[in-house]
Amino acid sequence: VQLVESGGGMVQPGGSLRLSCAASGFTFSIYEMGWVRQAPGKGPEWVSAINSGGGTTYYADSVKGRFTISRDNAKNTLYLQMNSLKPEDTALYYCALKLGIIQYDYWGQGTQVTVSS
């Protein structure tokens, strides 16, 4: 399993970023995927998830209405569109694969998102 995130960077408050996660080494189209973030000095925080077909999405209250998760199963790629970014969104963002029903089993290396003026 390989999960490679990209698209992070530094942006001003109110700005937007689009994260991507290129997946390989498994059958991407049959598994739920998600995004998890970790801010400096804090534990991991689940952000969003999407079912295998892409028709059902889930969001943490902290990002609902601002972030949109999507996937392209033909390209084995997961996305996170982040709009109206806030300083508290600053974190290392991880793409994650859920093989079962309880926990995320594989994580990528993360991509840094920094929201600052």
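Residues numbered from 1 in each chain as written. Predicted model: local features only at pLDDT ≥ 70, side-chain atom pairs only at ≥ 80, totals over all residues. Heavy atoms only, no water.

Considerations on the overall build of the protein
And then number 1: Looking only at helices and strands, the protein has 0 helices and 11 strands in total.
And then number 2: Listed N to C, the secondary structure of the protein is β-β-β-β-β-β-β-β-β-β-β in terms of helices and strands.
And then number 3: Taken over the C-alpha trace, the protein has a radius of gyration of 13 Å; the compact-globule value for 117 residues is 13 Å, and the two agree within 12%.
And then number 4: Each principal axis of the C-alpha distribution contributes one length, and for the protein these read about 40 × 25 × 25 Å.
And then number 5: Counting every position in the protein, which comprises 117 residues, the buried fraction comes to 42%.
And then number 6: When contacts within the protein are restricted to residue pairs at least 6 apart in sequence, long-range pairs at least 24 apart make up 52% of them.
And then number 7: Surface summary for the protein: the accessible area is close to 5,900 Å², and the carbon and sulfur share equals 49%. (Helix = DSSP H or I, 4+ residues; strand = E, 2+ residues; numbered from the N terminus. Rg over C-alpha atoms; globule rule 2.2 N^0.38 Å. Buried < 20%, exposed > 50% of the residue type's maximum accessible area, 1.4 Å probe, protein only. Contact = heavy atoms within 4.5 Å. Areas by Shrake-Rupley, 256 points an atom, 1.4 Å probe, with all protein chains shown as cover.)

Some words on the state of the cysteines
And then number 1: Going through the model one piece at a time under the given rule, you end up with 1 disulfide.
And then number 2: Note on cysteine connectivity: Cys 21 is disulfide-linked to Cys 95, with sulfurs 2.1 Å apart. On the sign convention where negative means left-handed, the S-S torsion of about -70 degrees between Cys 21 and Cys 95 marks this disulfide as left-handed. Of this pair, Cys 21 sits in strand S3 (residues 17-24) while Cys 95 sits in strand S9 (residues 91-98), placing them 74 residues apart in sequence. Accessibility assignment for this pair places Cys 21 and Cys 95 in one class, buried. (Disulfide = S-S within 2.5 Å.)

A look at the sheet that holds strand S7 (residues 67-72)
And then number 1: Ordered by their spatial adjacency, 4 strands build an open sheet running S1-S3-S8-S7, and the pairing between neighbours is antiparallel. Two strands lie at the open edges of the sheet, namely strand S1 (2-6) and S7, each paired on one side alone. On average, each strand axis in the sheet is inclined to that of its neighbour by 15 degrees, with strand direction left out of account.
And then number 2: Sheet topology places S1 next to S3; 5 bridges connect them, and they run antiparallel. Within S3, the residue paired with Leu 3 across the bridge is Ala 23. (Pairing = 2+ DSSP bridges. Axes fitted to C-alpha atoms, helices over the stretch in contact; angles between N-to-C directions.)

Observations regarding unusual backbone geometry
And then number 1: A positive phi is found at Asn 76, a non-glycine position, where the angle reads about 50 degrees.
And then number 2: Mapped onto the secondary structure, Asn 76 falls in the loop between S7 and strand S8 (77-82).

A few points about the packing of aromatic side chains
And then number 1: Inspection of the entire model under this criterion finds 3 aromatic pairs.
And then number 2: Ring geometry for Phe 26 versus Phe 28: centroids 6.3 Å apart, planes at 55 degrees, classification tilted.
And then number 3: On the basis of relative accessible area, Phe 26 is assigned to the buried category, the value being 16%.
And then number 4: Ring pairs connect the aromatic residues Phe 26, Phe 28 and Tyr 31, which therefore count as one cluster.
And then number 5: Over the aromatic face of Tyr 79 sits the side chain of Arg 18, whose NZ or CZ is 4.0 Å from the ring centroid.
And then number 6: The cationic tip of Lys 98 hangs over the ring face of Tyr 104; the distance from NZ or CZ to the ring centre is 4.9 Å. (Phe/Tyr/Trp six-rings, centres within 6.5 Å; stacked < 30°, edge-to-face > 60°. Lys NZ or Arg CZ within 6 Å of the ring centre and 35° of its normal.)

These figures come from the coordinates and say nothing about function on their own.
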